[in-house]
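What follows is each chain in one-letter form.
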Amino acid sequence: MPALSRRQFIAAVTAVAAAHSVSADLLGAAQAGGASGVSGGAAGSVVAAAVESAPSTLEQTILQGAVQKGSYRTLVAGPGEPYIPRLDVLGRAASPERVAARRSLLYLGHLSDMHVIDAQSPGRIEPMIVQNHSAWGSAFHPQDPLSPDVIASMVKSMSDLRLSPLTGAPMSAAIVTGDSADMHSMRELRWYIDLLDGLEVDPKTSKTFEGVQAWAEAVWAYRPGDPAGGSFGDYGFPTLPALLDQSIAQPVPSVGLPAPWYTVYGNHETLLLGTFGLDSQLRSLAVGGQKSYSLEATASLALGGYASSTSPLQQGIDALGLALGLRPGFRSVPADAGRALFDQAAFMAEHFETQPAPGPVGHGFTEHNLTSGETWWKADLTPWVRAFGLDTCNQVAGPDGAVPESQFVWLRGELEKAAAEKKLVLVFSHHNSVTLENRAQRPGQTEKLYGAEEFVAMLLEFPVVVGWLNGHTHLNQILAHKGSAGSGFWEVTTASCIDFPQQQQMVELVDNRDGTLSLFTTVVDHAADATPGSGGDYLSLASRSRELASNDWAETPLMRRGSALDRNTELLLRAPFDLSSISDAALESQHLVERARLLQHEQGLS
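For every chain, the first residue of the written sequence is number 1, and numbering continues from 1 onward in sequence order. Two thresholds apply to this predicted model, a pLDDT of at least 70 for residue-level local features and 80 or more for giving and counting side-chain atom pairs, whereas whole-chain, interface and lining totals are computed over all residues. The side-chain quantities take in all heavy atoms of the structure and omit both hydrogens and water.

### A look at the packing of helix α1 (residues 6-20) against helix α17 (residues 584-605)
So, point 1. In the contact formed by α1 and α17, the axes pass within 10 Å of each other and the chain directions differ by 35°. The way α1 lies across α17 gives a crossing that is right-handed. Residues Phe9, Ala12, Val13, Val16 and His20 of α1 form the contact with α17, whose own contacting residues are Glu588, Leu592, Val593, Ala596, Arg597 and Gln600.
So, point 2. Here the term charged refers only to Asp, Glu, Lys and Arg, the term nonpolar to Ala, Val, Leu, Ile, Met, Phe, Trp, Tyr, Cys and Pro, and the term polar to all other amino acids, Gly among them. Classifying every residue of the contact of α1 with α17 gives seven nonpolar, two polar and two charged. All axes here are fitted lines through C-alpha atoms, helices being fitted over the stretch that makes contact, and every angle between N-to-C directions spans 0 to 180 degrees. Per the convention used, a helix needs a DSSP run of H or I reaching at least four residues, while a strand needs a run of E reaching at least two, with both numbered from the N terminus. For any pair of crossing helices, the crossing counts as left-handed if the nearer helix is rotated counterclockwise from the farther one by less than a right angle, and right-handed if it is rotated clockwise. Whether two residues are in contact is decided by their heavy atoms, any of which lying within 4.5 Å being enough.

### Brief notes about the sheet that holds strand β12 (residues 424-428)
So, point 1. Here, a strand pair is defined by DSSP locating no fewer than two bridges between the strands. Spatial strand order, β9-β10-β12-β14-β16-β15: six strands in an open sheet with mixed pairing. Of all strands in the sheet, those bounded by a partner on one side alone are β9 (377-382) and β15 (477-482). Taking the axes of each pair of neighbouring strands and ignoring which way they run, one obtains an average angle of 20° across the sheet.
So, point 2. Strand direction decides the pairing type here: β12 and strand β14 (residues 465-470), joined by four bridges, are parallel.

### Remarks on the sheet that holds strand β18 (residues 516-525)
So, point 1. The seven strands are arranged β3-β19-β18-β17-β4-β5-β6 in an open sheet whose pairing can be described as mixed. The sheet terminates laterally at β3 (84-86) and β6 (261-263), the two strands that pair on one side only. The average undirected angle you get between the axes of adjacent strands in this sheet is 25°.
So, point 2. For strand β4 (residues 103-111) and strand β5 (residues 173-176), the ladder comprises four bridges, and the chain directions are parallel. Across the sheet, Gly109 pairs through a bridge with Ala174, a residue of β5.
So, point 3. The strands touched by helix α6 (residues 186-197) within the sheet are β5 and β6, with β6 carrying the most contacts at an inclination of about 160°.

### What to know about the packing of helix α5 (residues 147-160) against α6
So, point 1. The N-to-C vectors of α5 and α6 enclose an angle of 25°; their axes lie 9 Å apart at closest approach. Put simply, α5 runs roughly parallel to α6. Every pair of crossing elements has a handedness; the one defined by α5 and α6 is right-handed. Contacts from Pro148, Ile151, Ala152 and Val155 in α5 reach Trp191, Leu195 and Leu196 in α6.
So, point 2. Grouping the amino acids of the contact of α5 with α6 by side-chain chemistry returns seven nonpolar, no polar and no charged. Any angle from 65 to 115 degrees is called roughly perpendicular, while one under 35 is roughly parallel, one over 145 is roughly antiparallel, and all others are oblique.

### Brief notes about the pattern of salt bridges
So, point 1. Within this document, salt bridges are pairs made up of a side-chain nitrogen of Lys or Arg and a carboxyl oxygen of Asp or Glu, the two lying within 4 Å of each other. Across all of its chains, the model carries 30 salt bridges by this definition.
So, point 2. Note that Asp194 is salt-bridged to Arg190, the shortest N-O span being 2.9 Å. You can see Asp194 and its partner Arg190 sitting in helix α6, four residues apart, about one turn around the helix.
So, point 3. Summary of the burial criterion: residues with accessible area below 20% of their type's maximum are buried, those above 50% are exposed, and those between are partly exposed, where the area comes from a 1.4 Å probe applied to protein chains only. Asp194 gets classed as buried once you look at its relative accessible area, which sits at 13%.
So, point 4. Arg331 is paired through a salt bridge with Glu217; the nearest N and O atoms lie 3.1 Å apart. Separated by 114 residues along the polypeptide, Arg331 in strand β8 (residues 330-332) and Glu217 in the loop between α6 and α7 (231-235) bring together distant segments of the chain.
So, point 5. Residue Arg331 is classed as partly exposed on the basis of its relative accessible area, which comes to 31%.
So, point 6. Shared partners join several salt bridges into a network, and the residues in it are Arg124, Glu126, Asp144, Asp182, Glu188 and Lys291.

### A closer look at α5
Side chains of residues three or four places apart in an α-helix project in the same direction, reflecting 3.6 residues per turn.
So, point 1. To estimate how far a helix should extend, the number of its residues minus one is multiplied by 1.5 Å. Along its 14 residues, α5 runs 20 Å from first to last C-alpha, staying within 8% of the 20 Å computed at 1.5 Å per residue.
So, point 2. The buried count for α5 comes to 12 of 14 residues, which makes it a mostly enclosed element.
So, point 3. Among the residues of α5, Ser147, Pro148, Asp149, Val150, Ile151, Ala152, Ser153, Met154, Val155, Ser157, Met158 and Ser159 are the ones counted as buried.
So, point 4. Residues of α5 that are buried sit in contact with β4, α6, β17 (503-511), β18, α16 (538-550) and α17.

Shown next, in the form of structure tokens:
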């Protein structure tokens, strides 16, 4: 499989550099040093430098440390974790020669469950944790005001990892597998898009922080100025008088993702808190000037529209009383139309309001999606890797999902085409195989909803499917799905940015040049240090968020790290066709374009 000749290399570098407005000398040097994603030989120094400078868990992990007060623990840096080979799908020993022979076909960032939160929004239902903290844990977290800082810190880590720590290959793309906007707010949706695009966001929506964590009446919440009197204080959560002021003191900067990114729907972009339908009463509350701080107020008004006994007349009376400040359990906050709750079409449309780089416009969604209302898509991430983004969210009720028949039939047809065209396939969705069982439907709906068993069985019919990336459960988990005669695929579920360990993943698809493929998963901590700094910069706040999240007992934080077999792994499987059809020259051309995009990104960093 010959690579580009010297003359071809110079011509390609010159053309690609001109197309991306970068220096041909810099691009040529970067490409030559990277050795086109081959992990051995000339690429050794590039890979070593990438590992040394990038914040992956290959070099360092972040673990709970000693108890500081009560049950509250700080975090400490721990040893790195090497890749662990998994042979569940391949079913036989792997050749040791693959280490020197492998070449990178795709290097991908995987983000999921970012849960960007506007913590001051009246459209939140935080007091529901009083009713049952474990059942309603996602309604309130002690670190909620710091979520934009965590996303910016994670984006920085993805930028720092723009070269593979395994092969030195450049990042090809990134995928977001849902639950990006926590409470259906247009502001949260806008913040997430802007942070991934490299724009700063301003969390200062009022002169002072106006929310339950600043109000003495909300004794059930973690109030950093004075945690005493509630369960968070009893647990030993720290007194941090400046934290809320710091959370809104300055805009949150972002370096932006270094490669094109794509997205799919999560249940939090489909239903309220990913569980309930949106009613007019809550839509009015979200943009209004009254925010609840008690369970009674939240249950009777914010969620009152879900009770069948709540009449339109009663809803009108409630709205009037709220506007006049006559309802107990509410405090006045600045009204803000920017907090309007979006609908399904608006979620797609907002992704067309984006920066040209890293792109693409629509982030997977196309004009066809806008006109047809279809919420699923396909895209070629490279000339040999095709991606399918599904919408597995239930439109009626409940956090879990299923695959509607329209998507199931569409995907089967597309997989037949991909097999005929010899494309390797990655499937993206929010829900995983543990949570594809929600078949709730409205009266009169007849479309079949497929569960995990049927969906996995269909994917196993197509050996070109090598991976299924998803999220939803806020933990690191990797499952092997085995077919016949050594075929199968890997399911990779990544953790979230809101719950500890606040990790995401890099996924690299490599050709071992021995009839096998490997999917390498590298768990990524966001760029903030294990120990929070005293300043109010975004990295210090992101570090504080991670520490708070590690102590949020209702969210079972330590379990979410997964086992060592769910973190840094090499997932082997049989190649579905002869990969020598992908020439080294064609692969070098692909990496050349990707490196040019990275040089553009680096120009922005400087």
